[in-house]
Amino acid sequence: ELMNEKGFDLDLTNYNLLICGLCEMGEIDKGFELFCTMKGARLIPYLSTYRELIKKLCMEGKTKQALQCFDNMLTNRFSPTVDIYNDLLVGTHKSGELDVSWTDRILDEMEAHNCNPNTCTYNILIDALCNEGKMKCAYLLLDEMKVKGCTPDKATFTSMLRGLCIVDLVDRAYQHFQRMVKRNNTPENSVCQLLIDCLSRHGRLMEAQSVRNLIAVN
């Protein structure tokens, strides 16, 4: 507004620089407002601007606006990157808006855009499935992840352990935990506590105590 008052016309480069600058300063709403102004002026943001705005909107829990940016990006024939998909998945997962029944559709859409999912992509989807106790689907996705050449990491295995505890599969949960420890991938304390509770419910107090001892050491 100040630039317009002074007689300066914003061009494409200035719009993009301002949006990224506002996002960097935490002024996400103003950045999105400027993005809407660009749309009204039929100016197309740079791909890097879409990425920055989508990322910051998702971090702020503004997934509706982030998806509007994403749709506009596709309308303008930009190919989304895996980072953009991951930002959207993280945002919708945290806000509880990620529908796990869409898992296959999401991966198919990425493939249609020649965008290969990475370990982070699979981790988000597996975590969402595990949180809902859909362990069969989570294991299938874990297998697919390996076939696609994405290596599971500590976050992957921690999500699987959480899911096994949620559905009360105590034997598999404890075996999974032991494998994690052998790989030096001991899960965070909150997940260990879930396992302790699971073991305790089944009267497996010695094993529960062994998990407590491990937490104390770490």
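What comes next concerns the included structure. Residue positions within a chain follow its written sequence, with the count starting from 1. For a predicted model such as this one, the threshold for reporting local features is a pLDDT of at least 70, and the threshold for listing and counting side-chain atom pairs is 80 or more; totals across whole chains, interfaces and linings nevertheless cover every residue. Here the side-chain values reflect all heavy atoms present in the structure, with hydrogen atoms and water set aside.

So, unusual backbone geometry
Moving on, step 1. In this model, Asn114 sits at a positive phi of 55 degrees, which is unusual for a non-glycine residue.
Moving on, step 2. Even without glycine at this site, Asn184 takes up a positive phi of about 60 degrees.
Moving on, step 3. Checked against the element boundaries, Asn184 lands in the loop between helix H11 (170-182) and helix H12 (189-201). Secondary structure elements are taken from DSSP: a helix is a run of H or I of four residues or more, a strand is a run of E of two residues or more, and numbering for both begins at the N terminus.

Examining the nonpolar core
Moving on, step 1. With 61 residues, the main nonpolar core has Leu53, Ile54, Leu195 and Val211 as its most contacted residues.
Moving on, step 2. For this core, the element with the most residues is helix H8 (residues 119-131), which contributes 7 residues.
Moving on, step 3. In this analysis, two residues are considered to be in contact whenever any of their non-hydrogen atoms come within 4.5 Å of each other. Setting aside its immediate chain neighbours within four residues, Val211 contacts Tyr174, Phe177, Cys192, Leu195, Ile196 and Leu199. We define a nonpolar core as any set of buried Ala, Val, Leu, Ile, Met, Phe, Trp, Tyr and Cys residues linked to one another through side-chain atoms lying within 4.5 Å. A 1.4 Å probe rolled over the protein chains alone gives each residue an accessible area, and that area as a share of the maximum for its type sets the label: buried under 20%, exposed over 50%, partly exposed in between.

Section: the environment of Leu164
Moving on, step 1. Looking at where Leu164 falls in the secondary structure, it is placed in helix H10 (residues 154-166).
Moving on, step 2. A relative accessible area of 0% means that Leu164 is categorised as buried.
Moving on, step 3. Note: C-alpha distance between Leu164 and Cys130 (34 residues apart in sequence) is 7.7 Å.
Moving on, step 4. Not counting chain neighbours up to four residues away, the residues in contact with Leu164 comprise Met135, Tyr139, Leu169, Arg172, Ala173 and His176.

With respect to a nonpolar patch on the surface
Moving on, step 1. A cluster of nonpolar side chains, contributed by Ile166, Val167 and Leu169, occupies part of the molecular surface with about 210 Å² of accessible area.
Moving on, step 2. Tracing the backbone through its elements, the reader meets Leu169 in the loop between H10 and H11.
Moving on, step 3. The class for Leu169 is partly exposed, based on a relative accessible area of 36%. Patches draw on residues past 30% relative accessible area with no salt bridge. Two like charges within 9 Å are joined, as are two nonpolar side chains (Val, Leu, Ile, Met, Phe, Trp, Tyr) within 5 Å. Every accessible area reported is derived by Shrake-Rupley at a probe size of 1.4 Å, with residue values counting cover from the shown protein chains alone. Criterion for a salt bridge: a side-chain nitrogen of Lys or Arg within 4 Å of a carboxyl oxygen of Asp or Glu.

Structural notes on the pattern of salt bridges
Moving on, step 1. Counted by the stated rule, this structure contains 9 salt bridges.
Moving on, step 2. One salt bridge in this structure joins Arg201 and Asp168, with 2.8 Å as the shortest N-O distance. Here Arg201, found in helix H12, pairs with Asp168, found in the loop between H10 and H11; they are 33 residues apart in sequence, far enough to count as distant.
Moving on, step 3. Connected through shared salt-bridge partners, Glu24, Glu52 and Lys56 make up one network.

Focus on the packing of helix H2 (residues 12-24) against helix H4 (residues 47-59)
Moving on, step 1. Packing of H2 against H4 brings their axes to within 10 Å, and their N-to-C directions diverge by 25 degrees. By the angle between their axes, H2 is roughly parallel relative to H4. Read as a crossing pair, H2 and H4 show a hand that is left-handed. For the pair H2 and H4, the contacting residues are Asn16, Ile19, Cys20, Cys23 and Glu24 in the first and Thr49, Glu52, Leu53 and Lys56 in the second.
Moving on, step 2. For the contact of H2 with H4, a count of residues per class yields 4 nonpolar, 2 polar and 3 charged. Helix axes are fitted only over the stretch in contact, all axes being lines through C-alpha atoms; the angle between N-to-C directions runs from 0 to 180 degrees. Any angle from 65 to 115 degrees is called roughly perpendicular, while one under 35 is roughly parallel, one over 145 is roughly antiparallel, and all others are oblique. Put simply, a crossing is left-handed when the front helix is turned counterclockwise from the back one by less than a right angle, and right-handed when it is turned clockwise. Residues were grouped as follows: Ala, Val, Leu, Ile, Met, Phe, Trp, Tyr, Cys and Pro as nonpolar; Asp, Glu, Lys and Arg as charged; and all remaining residues, including Gly, as polar.

Remarks on the packing of H10 against H12
Moving on, step 1. The N-to-C vectors of H10 and H12 enclose an angle of 30 degrees; their axes lie 9 Å apart at closest approach. Considered as vectors, H10 and H12 are oriented roughly parallel to each other. Considering how the two elements wind past one another, H10 and H12 form a crossing that is left-handed. Within the contact between the two elements, H10 uses Thr158, Leu161, Arg162 and Cys165 and H12 uses Val191, Leu194, Leu195, Cys198 and Arg201.
Moving on, step 2. A breakdown of the residues in the contact of H10 with H12 according to their chemical character gives 6 nonpolar, 1 polar and 2 charged.

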